[in-house]
Structure formats: structure tokens, C-alpha cells
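Here is what each chain is made of, one letter per residue.
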Amino acid sequence: MKKLLMICGLLFGVITMTNAQDGGRKMSPEDRAKRNTEKLAEKLKLSEDQKAKVLTIYTAQASQMTTHMKEASADQKAKRMEMKSAAEANDAKINSLLTEDQKKAYIAMKEERKAAMQKRGGNKKHHEHKKM
């Protein structure tokens, strides 16, 4: 469960960063995948081969996410579970490409994002409470 939350945090963090840095413009799934790959490559010092494989994973993930978002579904919980499952699978694929040192840095990066998301979420709740 903890790993699932961390993956969701990572996924939502990437989406949030994409929207924030995008300035509100809609990005294509391919553009999102390229940007996310470049950020990961920078932080983990990926080789060219690793970058190419990660780009493939992120491109598939971005396309899948776009498709899920466009689908009209009455069962939002099921949709969320599908997206979480896909995020976990992609995380496992990326992990399999990394060296031991890169895996450690990847875990640290995910933990930082999770903490940042919790902090933002905590601040939102705090501000909402103050308004009441």
C-alpha cells in the first residue's frame, strides 16, 4: 500500500509539474514523455540507451493516461485503480533499467516528491480549516 501511494504521488507529481511548467498549455503525450525523460536522465545520469528505453515507457504511459482521462466512466474508482496499476508497472520497468546507484537515487527522488505532495496537501487542508 505504501509503495502504491508513493507511485501515485510520483505520477501526480509529474502531472502537476507538467501543468505548472507548461503555463496552462496542453502538451502532447510525446512532449510530456520527452520532458519527463530529460528530467529523469538529468537526476539519475542515465545512459543514452537507458534514456531511449525510459522515453518509450513514458510515451506509452502518457498516451495511456490521456486515453484514461478522456474515457467517460461512471466508475472513477476503477479508473483510478487502472491508472495506479499502470503506474506501478511503469515504475517496475524503469527500475529494471537502472543500476544500483541509480535505483537509490530514484527512490530518493520519489520520496522527495511524496514529501512535497504531502506538504502541499497538508497546507491545503490547513488553509481550508482556517477558512471555516
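Structure shown above.
Only a predicted model underlies this, so the values are computations on that prediction, with no experimental measurement involved.

## Structural notes on unusual backbone geometry
Of note in this structure, Lys45 is not a glycine but carries a positive phi near 55°. Position of Lys45 relative to the elements: it lies in the loop between helix 2 (29–44) and helix 3 (48–70). Using a relative accessible area of 66% as the deciding quantity, one classes Lys45 as exposed.

## Considering helix 4 (residues 76–97)
In an α-helix, one turn spans 3.6 residues, which is why side chains three or four residues apart end up on the same side. Along its 22 residues, helix 4 runs 32 Å from first to last C-alpha, staying within 8% of the 32 Å computed at 1.5 Å per residue. Within the sequence span of helix 4, burial applies to Lys79, Met83, Ala86, Ala87, Asn90, Asp91, Ile94 and Asn95.

## Digging into the environment of Glu30
Examined against the element boundaries, Glu30 turns out to sit in helix 2. For Glu30, a relative accessible area of 39% puts it in the partly exposed group. Note: C-alpha distance between Glu30 and Ala60 (30 residues apart in sequence) is 8.7 Å.

## A closer look at the packing of helix 2 against helix 3
Between helix 2 and helix 3, the shortest axis-to-axis distance is 8 Å and the interhelical angle comes to 140°. By the angle class used here, helix 2 and helix 3 are oblique. In this structure, helix 2 meets helix 3 at a crossing whose hand is right-handed. Here Pro29, Glu30, Arg32, Ala33, Lys34, Asn36, Thr37, Glu38, Leu40 and Ala41 of helix 2 lie close against helix 3, whose contacting residues are Lys51, Val54, Leu55, Tyr58, Thr59, Ala62, Ser63 and Thr66. When the residues that make up the contact of helix 2 with helix 3 are grouped by side-chain class, the tally is eight nonpolar, five polar and five charged.

About the criteria used
Residues numbered from 1 in each chain as written. Predicted model: local features only at pLDDT ≥ 70, side-chain atom pairs only at ≥ 80, totals over all residues. Heavy atoms only, no water. Helix = DSSP H or I, 4+ residues; strand = E, 2+ residues; numbered from the N terminus. Buried < 20%, exposed > 50% of the residue type's maximum accessible area, 1.4 Å probe, protein only. Expected span 1.5 Å × (residues − 1). Axes fitted to C-alpha atoms, helices over the stretch in contact; angles between N-to-C directions. Parallel < 35°, antiparallel > 145°, perpendicular 65-115°, else oblique. Left-handed = near helix turned anticlockwise from the far one by under 90°. Contact = heavy atoms within 4.5 Å. Nonpolar A, V, L, I, M, F, W, Y, C, P; charged D, E, K, R; others polar.

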